[in-house]
Amino acid sequence: MADSAQAQKLVYLVTGGCGFLGEHVVRMLLQQEPQLRELRIFDLHLGPWLEELKTGPVQVTAIQGDVTQAHEVAAAVAGAHVVIHTAGLVDVFGKTSPETIHEVNVQGTRNVIEACVQTGTRFLVYTSSMEVVGPNIKGQPFYRGNENTPYEAVHRHPYPCSKALAEQLVLEANGRKVLGGLPLVTCALRPTGIYGEGHQIMRDFYHQGLRLGGRLFRAIPASVEHGRVYVGNVAWMHVLVARELQHRAALMGGQVYFCYDNSPYKSYEDFNMEFLGPCGLRLVGTRPLLPYWLLLFLAALNVLLQWLLRPLLLYAPLLNPYTLAMANTTFTVSTDKARRHFGYEPLFSWEESRTRTIRWVQAVEGSAQ
Ligand SMILES: NC(=O)c1ccc[n+]([C@@H]2O[C@H](COP(=O)([O-])OP(=O)(O)OC[C@H]3O[C@@H](n4cnc5c(N)ncnc54)[C@H](O)[C@@H]3O)[C@@H](O)[C@H]2O)c1
Ligand SMILES: CC(C)CCC[C@@H](C)[C@H]1CC[C@H]2[C@@H]3[C@H](O)C=C4C[C@@H](O)CC[C@]4(C)[C@H]3CC[C@]12C
């Protein structure tokens, strides 16, 4: 075996490394990337769990910083070989202003690209989203499509707009000369709805079910398929893409890849029940309990309430016209592009992903008591 000190030569930076996905990427890198010498974790809010990582063989450097601050980003990027940019504002509930979402997701990404160019970092992986494609505002289904499936991507909501713009910036930056004269190599990963340990919305549904006496009420027809992917497999895909980008720049540079695994095609609610069911919740109704027009009315009412209450408090329920349209429009992917381009196979089977997620929900339950 090669001298391990010699093999460990690369410096990686993960922006948003303390988020739901970011934490999994960080832990996956430490487990699966033998070339790692230093791992920099850049986030607005650093998690206490980072301390436990500092005793391992890889140097772990926690950097509290803001992607909207170009100088902070440049300082963190300087000397890194690879940047995995997962930091972002994920808000489809109206918690944050459209301007802030744009600032973090678009200007933050621009800052990351410019930092790579200025400091000579050559490899950039961007966490995009399926929402860069859809569901679109017309509610057209995207049924088991791939990266080449034609679809009318029309965005109005600030979050998908920002992800689409940021992804475009990243892809356009592919080939730009970085400090030293070599070309920047970029690519974008587009996860569908991510689930797994640490998923806040799953936690919210679980607590809502407990409050409703162990029941959730079906709102979406079971026939509407919603794409989901296990967080461990999304993290694994990031690790693999970052590694292979360094060897297959001509093939992978400027490309987009959906993140996929063997999670079953189901409606958003039926999929959640795969985990919440074994934790004691029941989904009531084989068909939606409320007609769609009433849900739409309630969603619109929530928007009005959010606006009226804004001076007093932040009212940001799960149901609004955008989330309703997302949950109510079929959007699933079926592709093998990542396997063909960089040998991706899911690291976790569906059974393992399911078991791990159920264990996590049960632990949430335990800690809530
Ligand atoms: N959760 C999903 O289902 C999903 C699906 C597709 C794509 N994505 C994308 O994956 C990425 C991670 O999402 P997540 O679900 O883990 O969200 P998250 O909110 O858990 O994580 C985002 C992280 O970014 C950090 N961050 C936010 N603003 C920042 C700033 N100004 N400077 C530095 N750090 C900042 C946050 O502190 C957080 O730790 C995002 O880019 C998101 O668009 C998520
Ligand atoms: C009718 C309501 C009761 C159901 C509401 C469910 C709603 C909160 C869910 C449905 C779909 C979810 C989104 C989807 O899984 C994909 C993404 C992409 C990602 O980039 C960010 C998260 C997001 C928007 C999920 C958010 C929660 C949604 C809208």
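All values reported here derive from a predicted model rather than from experimental measurement.

## Re the overall build of the chain
Helices and strands together make up the secondary structure of the chain, namely 13 helices and 13 strands. A compact globule built from 369 residues should have a C-alpha radius of gyration of about 21 Å, and the chain, at 21 Å, falls within 12% of that. Each of the 369 residues in the chain was classed as buried or not, and the buried ones make up 51%. Accessible area of the chain: about 16,500 Å², with a carbon and sulfur share of 56%.

## A few points about helix α5 (residues 158-173)
Look at α5: 22 Å from first C-alpha to last across 16 residues, which is about the 22 Å you get at 1.5 Å a residue. Those residues of α5 that are buried lie in contact with α4 (98-119), β5 (123-127), β7 (185-191), β11 (255-259) and α11 (321-327). Backbone geometry just after α5 places G175 at a positive phi near 95°.

## A word on the packing of helix α2 (residues 20-32) against helix α7 (residues 231-245)
As a packed pair, α2 and α7 sit with axes 8 Å apart at the nearest point and diverge in direction by 55°. When the axes of α2 and α7 are compared, the pair comes out oblique. Note that α2 runs across α7; the crossing there is right-handed. Residues F20, L21, H24, V25, M28, L29 and Q32 of α2 touch α7, and the partners they reach there are V231, G232, V234, A235, W236, H238, V239 and R243. Considering only residue class, the contact of α2 with α7 consists of ten nonpolar, four polar and one charged.

## Section: the side chain of H199
Tracing the chain through its elements places H199 in the loop between β8 (193-195) and α6 (200-211). Using a relative accessible area of 9% as the deciding quantity, one classes H199 as buried. Of the polar contacts made by the side chain of H199, one reaches the backbone oxygen of I194; its length is 3.4 Å. For H199, the contacting residues outside a window of four places in its chain are F20, I194, R228, Y268 and W360.

## Some details on the UniProt feature "domain: 3-beta hydroxysteroid dehydrogenase/isomerase" (unreviewed entry) in the chain
What UniProt calls "domain: 3-beta hydroxysteroid dehydrogenase/isomerase" (unreviewed entry) maps, in this numbering, to residues 13-283. The span residues 13-283 is 37% helix and 20% strand, and its two end C-alpha atoms sit 42 Å from each other.

## Quick look at the site of ligand 1
Among the 25 residues in the neighbourhood of ligand 1, the closest are listed as L21, D43, D66, Y159 and K163. Contact distances for ligand 1 include 2.9 Å between an oxygen atom and a backbone N or O atom of F20. At 2.8 Å from a nitrogen atom of ligand 1 is found a side-chain nitrogen or oxygen belonging to D66. When the free accessible area of ligand 1 is taken as 820 Å², the share hidden by the protein chains comes to 85%. Among the elements of the structure, α2, α5 and β8 are those that each provide at least two residues to the shell around ligand 1. Residues that form the shell around ligand 1 fall into these classes: eleven nonpolar, eleven polar and three charged.

## Quick notes on the pattern of salt bridges
Inspection of the entire model under this criterion finds 17 salt bridges. Among the ionic pairs, E51 bridges to K54, the shortest N-O distance being 3.3 Å. Residues R176 and E114 are paired through a salt bridge, measuring 2.9 Å at the closest nitrogen-oxygen approach. Pair noted here: R176 is in the loop between α5 and β7 and E114 is in helix α4, with a separation of 62 residues, a long-range link. Residue classification places E114 among the partly exposed positions, given a relative accessible area of 27%.

## Description of the nonpolar core
Membership of the largest hydrophobic core comes to 75 residues, with the highest contact counts inside it found for Y12, L29, L39, I84, M237, L276 and F342. Among the elements that make up this core, the one with the highest residue count is α7 (ten residues). Once residues within four sequence positions are removed from consideration, L276 is found in contact with M202, F205, Y206, L216, L281 and V361. Of all hydrophobic cores here, the second largest spans 26 residues; its members include F42, A76, L124 and A188.

## Quick notes on the UniProt feature "transmembrane region" (unreviewed entry) in the chain
If you check UniProt for "transmembrane region" (unreviewed entry), the listed places come out as residues 289-309 in our numbering. The straight-line gap between the two end C-alpha atoms of residues 289-309 is 28 Å; of that span, 86% is helix and 0% is strand.

## Examining the packing of helix α3 (residues 70-77) against α4
Between α3 and α4, whose axes approach to 9 Å, the crossing angle comes to 50°. Relative to α4, α3 is oriented oblique. For the pair α3 and α4, the crossing hand works out as right-handed. Judged by residue contacts, A70, V73, A74 and V77 of α3 engage N111, V112, A115, C116 and T119 from α4. Classifying every residue of the contact of α3 with α4 by side-chain character gives seven nonpolar, two polar and no charged.

## Considering the packing of aromatic side chains
Each aromatic ring pair is specified by the distance between its two centres and by the angle formed by the two planes. Going through the model one piece at a time under the given rule, you end up with 15 aromatic pairs. Look at Y195 and F271: their rings are 4.9 Å apart centre to centre, the planes differ by 70°, and that puts the pair in the edge-to-face class. Separated by 76 residues along the polypeptide, Y195 in strand β8 and F271 in helix α9 (residues 268-276) bring together distant segments of the chain. Taking relative accessible area as the criterion, F271 reaches 0% and is therefore assigned buried. Connected via pairs of aromatic rings, a cluster forms that spans Y195, Y230, F271, F275, F348 and W350. Lying over the aromatic face of F258, R190 brings its terminal NZ or CZ to 5.7 Å of the ring centre. The side chain of K337 reaches across the aromatic face of Y257, ending 5.0 Å from its centre.

What counts, and where the lines are drawn
- Residues numbered from 1 in each chain as written.
- Chains lettered and ligands numbered in written order.
- Predicted model: local features only at pLDDT ≥ 70, side-chain atom pairs only at ≥ 80, totals over all residues.
- Heavy atoms only, no water.
- Helix = DSSP H or I, 4+ residues; strand = E, 2+ residues; numbered from the N terminus.
- Rg over C-alpha atoms; globule rule 2.2 N^0.38 Å.
- Buried < 20%, exposed > 50% of the residue type's maximum accessible area, 1.4 Å probe, protein only.
- Areas by Shrake-Rupley, 256 points an atom, 1.4 Å probe, with all protein chains shown as cover.
- Expected span 1.5 Å × (residues − 1).
- Contact = heavy atoms within 4.5 Å.
- Axes fitted to C-alpha atoms, helices over the stretch in contact; angles between N-to-C directions.
- Parallel < 35°, antiparallel > 145°, perpendicular 65-115°, else oblique.
- Left-handed = near helix turned anticlockwise from the far one by under 90°.
- Nonpolar A, V, L, I, M, F, W, Y, C, P; charged D, E, K, R; others polar.
- Polar contact = N/O pair within 3.5 Å; in protein donor to acceptor, adjacent residues only side chain to side chain.
- UniProt positions renumbered as here; feature names shortened; annotations may be inferred.
- Near = heavy atom within 4 Å.
- Salt bridge = Lys/Arg side-chain N within 4 Å of Asp/Glu carboxyl O.
- Core = buried A, V, L, I, M, F, W, Y, C linked by side-chain atoms within 4.5 Å.
- Phe/Tyr/Trp six-rings, centres within 6.5 Å; stacked < 30°, edge-to-face > 60°.
- Lys NZ or Arg CZ within 6 Å of the ring centre and 35° of its normal.

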